[in-house]
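This is what each chain is made of:
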Amino acid sequence: MQWGLESRLAQIIKPDTNRTVMLAIDHGYFQGPTTGLEEPGKTVEALLPYCDALSPTKGILQYCIDPRTAPPIILRVSGGNSMARREELDDEILTCTAEEAVRLNAVGVSVSIYVGTEHQRQTIQNLARMADEAHKYGLVVLGISAVGTSLDELRQPGKEEELARYLALASRIAAEHGADISKTYYVPGHFDKVVGGCPVPIVLAGGKKVPEREALQFTSNAIRDGASGVDMGRNIFQSEAPAAMIQAVRSIVHEGKSPDEAYALYEELGG
Ligand code: R5P
């Protein structure tokens, strides 16, 4: 691995634990003013000390994040879709160049792939092309398995194996097309197969907000099953106590705390 890429990767996945807590705040690129992110600058201010890396779009980065105090940035560089046309969510393009990401002092870039959809080829091509460009500059590439609304359908009880097969497929495809880190979702009972089939580190997206105890439980399960950390959004910034929640997540990821211990910490810090 070239020096620059390795150095940037180490800014994201901390060498002392080999894990990461990334904070995802890129939801607005297709969802608009997502609950909790109406004023992203205010939301993240109290959370920045506890995240190893931040995942915004270039707009939010430039307008809401102080360049003097920003943590390592993984810039979202795919988009062009919106919730106004849900049926076209998979019709993504690249929205930023690798050069621009370098100008913005990003350590990495993130691209969604929509495996199994009408535009899968286009989105996989987005990732492959961005990986080629980004790696010229030693930028880390994060491949995201985007599942959109179909995640809810696949999350029905009894469909865990099917969901695991799908996430394993998408995560592997992300790695095969140049991702250095693959971001996916937790699937109970089968997550080790998703991790086992992917040659690059896997980080966990949280999905829709669930009760804090539940989010800490699946975070812990995912780490136990081999995830290298989280790139979590709504289950942190939509929490009743976001700063307490991110510290509770950190305690699992970096300190190996149990879900009970992490929840106790959340309650203690969150009042
Ligand atoms: C989709 O908007 C992005 O990939 C998010 O960064 C990802 O879904 C992680 O956020 P959350 O934990 O809210 O699912």
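For the structure itself, look to the data block above.
Each residue is numbered by its place in its chain's sequence as written, counting from 1. Restriction of local features to residues with pLDDT of at least 70 applies here, the model being predicted, together with a cutoff of 80 or more for giving and counting side-chain atom pairs; totals for whole chains, interfaces and linings are based on all residues. The side-chain values count all of the structure's non-hydrogen atoms but skip hydrogen atoms and water molecules.

J.: Please provide a residue-by-residue account of the packing of helix H10 (residues 212-224) against helix H12 (residues 242-255), values included.
T.: The angle between two axes is taken between their N-to-C directions and runs from 0 to 180 degrees, where each axis is a line fitted to C-alpha atoms and a helix contributes only its stretch in contact. A run of H or I in DSSP becomes a helix once it reaches four residues, and a run of E becomes a strand once it reaches two; helices and strands are each numbered from the N terminus. Two elements in contact, H10 and H12, have axes whose closest approach is 9 Å; the angle formed by their N-to-C orientations is 25°. Compared by their axis directions, H10 and H12 come out roughly parallel. Crossing of H10 against H12: the hand is right-handed. Residues Glu 212, Ala 215, Leu 216, Thr 219, Ser 220 and Ile 223 of H10 form the contact with H12, whose participating residues are Met 245, Ala 248, Val 249, Ile 252 and Val 253. Gly falls in the polar group here, along with every residue not listed as nonpolar (Ala, Val, Leu, Ile, Met, Phe, Trp, Tyr, Cys, Pro) or charged (Asp, Glu, Lys, Arg). Partitioning the contact of H10 with H12 into residue classes produces 8 nonpolar, 2 polar and 1 charged. Oblique is the label for every angle not falling under 35 degrees (roughly parallel), over 145 degrees (roughly antiparallel), or within 65 to 115 degrees (roughly perpendicular). A crossing counts as left-handed when the near helix is turned anticlockwise from the far one by less than a right angle, and as right-handed when that turn is clockwise. Note on contacts: a residue pair qualifies if any of its non-hydrogen atoms lie within 4.5 Å across the two residues.

J.: An account of the site of the ligand is requested, with residue identities and associated values reported.
T.: The criterion for a residue being near a molecule or strand is simple. One of its heavy atoms has to lie within 4 Å of it. Close to the ligand lie 15 residues, the nearest being Asp 26, His 27, Gly 207, Gly 233 and Arg 234. Here an oxygen atom of the ligand and a side-chain polar atom of Lys 183 are 2.8 Å apart. Counted as a polar contact is a pair of N or O atoms within 3.5 Å, where, for protein atoms, one must be capable of donating a hydrogen and the other of accepting one, and residues adjacent in sequence contribute only when both atoms are in side chains. Gly 206 is positioned with one of its backbone polar atoms (N or O) 2.8 Å from an oxygen atom of the ligand. Only the protein chains shown count as covering a residue, and every accessible area follows the Shrake-Rupley method with a 1.4 Å probe. Considering the ligand on its own, with 360 Å² of exposed area, one finds that the protein chains cover 95% of that surface. By residue class, the composition of the shell around the ligand is 6 nonpolar, 4 polar and 5 charged.

J.: Account for the pattern of salt bridges, with residues named and values stated.
T.: A pairing counts as a salt bridge when a side-chain nitrogen of Lys or Arg comes within 4 Å of a carboxyl oxygen of Asp or Glu. Per the counting criterion, the structure on display carries 13 salt bridges. Taking the shortest distance from any N to any O, the salt bridge between Arg 68 and Asp 66 comes out at 2.8 Å. When a residue's accessible area, from a 1.4 Å probe over protein chains only, is under 20% of the maximum for its type it is buried; when over 50% it is exposed; and in between it is partly exposed. Looking at Arg 68, the relative accessible area reads 73%, which means it is exposed. The closest approach of N and O atoms between Arg 85 and Glu 88, which form a salt bridge, is 2.8 Å.

J.: Tell me what's going on with the environment of Ala 98, and back it up with residues and numbers.
T.: Its place among the elements puts Ala 98 in helix H5 (residues 98-103). As a C-alpha pair, Ala 98 and Gly 138 span 40 residues in sequence and 10.0 Å in three-dimensional space. Excluding residues within four positions of it along the chain, Ala 98 makes contact with Met 130, Glu 133, Ala 134, Tyr 137 and Leu 139.

J.: If you had to explain helix H6 (residues 120-136) to someone new, which residues and values would you point to?
T.: If you check H6, its first and last C-alpha atoms are 25 Å apart, about what 17 residues at 1.5 Å a residue would give, namely 24 Å. Those residues of H6 that fall on the buried side of the exposure criterion are Thr 123, Ile 124, Asn 126, Leu 127, Met 130, Ala 131 and Ala 134. Buried residues of H6, viewed axially, fall in a sector of 145°; they line one side. Exposed positions of H6 whose direction lies more than 90 degrees from the buried face are Arg 121, Arg 129, Asp 132 and Lys 136. For H6, the elements touching its buried residues are strand S5 (93-94), H5, strand S6 (108-113), strand S7 (140-145) and helix H8 (160-176). Within two residues after H6, Gly 138 carries a phi angle of roughly 75°, on the positive side. One less than the residue count of a helix, multiplied by 1.5 Å, gives the span that helix is expected to have. Throughout, the arc means that of the directions going from the helix axis to the C-beta atoms.

J.: Explain the side chain of His 27 to me, using residue names and the numbers behind them.
T.: Residue position: His 27 is located in the loop between strand S1 (20-24) and helix H2 (28-31). Discounting chain neighbours no more than four positions away, the residues touching His 27 are Gly 32, Thr 34, Leu 37, Gly 233, Arg 234 and Phe 237.

J.: Any chance you could break down unusual backbone geometry for me, citing the residues and the numbers?
T.: Of note in this structure, Asn 18 is not a glycine but carries a positive phi near 65°. Relative to the assigned elements, Asn 18 resides in the loop between helix H1 (3-12) and S1. Exposure remark for Asn 18: the relative accessible area of 54% places this residue in the exposed category. A positive phi angle, close to 60°, is found at Asn 105, a residue other than glycine. Along the chain, Asn 105 turns up in the loop between H5 and S6. Using a relative accessible area of 64% as the deciding quantity, one classes Asn 105 as exposed.

J.: How would you explain H1 if you had to name every residue and give the values?
T.: Looking at H1, one finds that the buried residues are Leu 5, Leu 9 and Ile 12. In a view along the axis of H1, the buried residues occupy a sector of 55°, so they form one face of it.

J.: Any details on the packing of aromatic side chains? Residues and values, ideally.
T.: Only the six-membered ring of Trp is used, alongside the rings of Phe and Tyr, when aromatic pairs are assigned; centres must lie within 6.5 Å, and planes under 30 degrees apart are stacked while those over 60 apart are edge-to-face, with the rest tilted. Scanning all chains against the criterion turns up 4 aromatic pairs. Between Tyr 186 and Phe 191, the ring centres sit 5.3 Å apart and the planes meet at 50°, which makes this aromatic pair tilted. Judged by relative accessible area, Phe 191 falls into the buried class, the value being 0%. Considering the side-chain rings of Tyr 186 and Phe 218, the 6.3 Å spacing of their centres and the 10° angle between planes classify their relative orientation as stacked. Here Phe 218 lies in helix H10 and Tyr 186 lies in the loop between strand S8 (181-184) and helix H9 (191-196), a separation of 32 residues in the sequence. By the burial criterion, Tyr 186 is buried, and Phe 218 matches it. An aromatic cluster of three or more residues is present, and its members are Tyr 186, Phe 191 and Phe 218.

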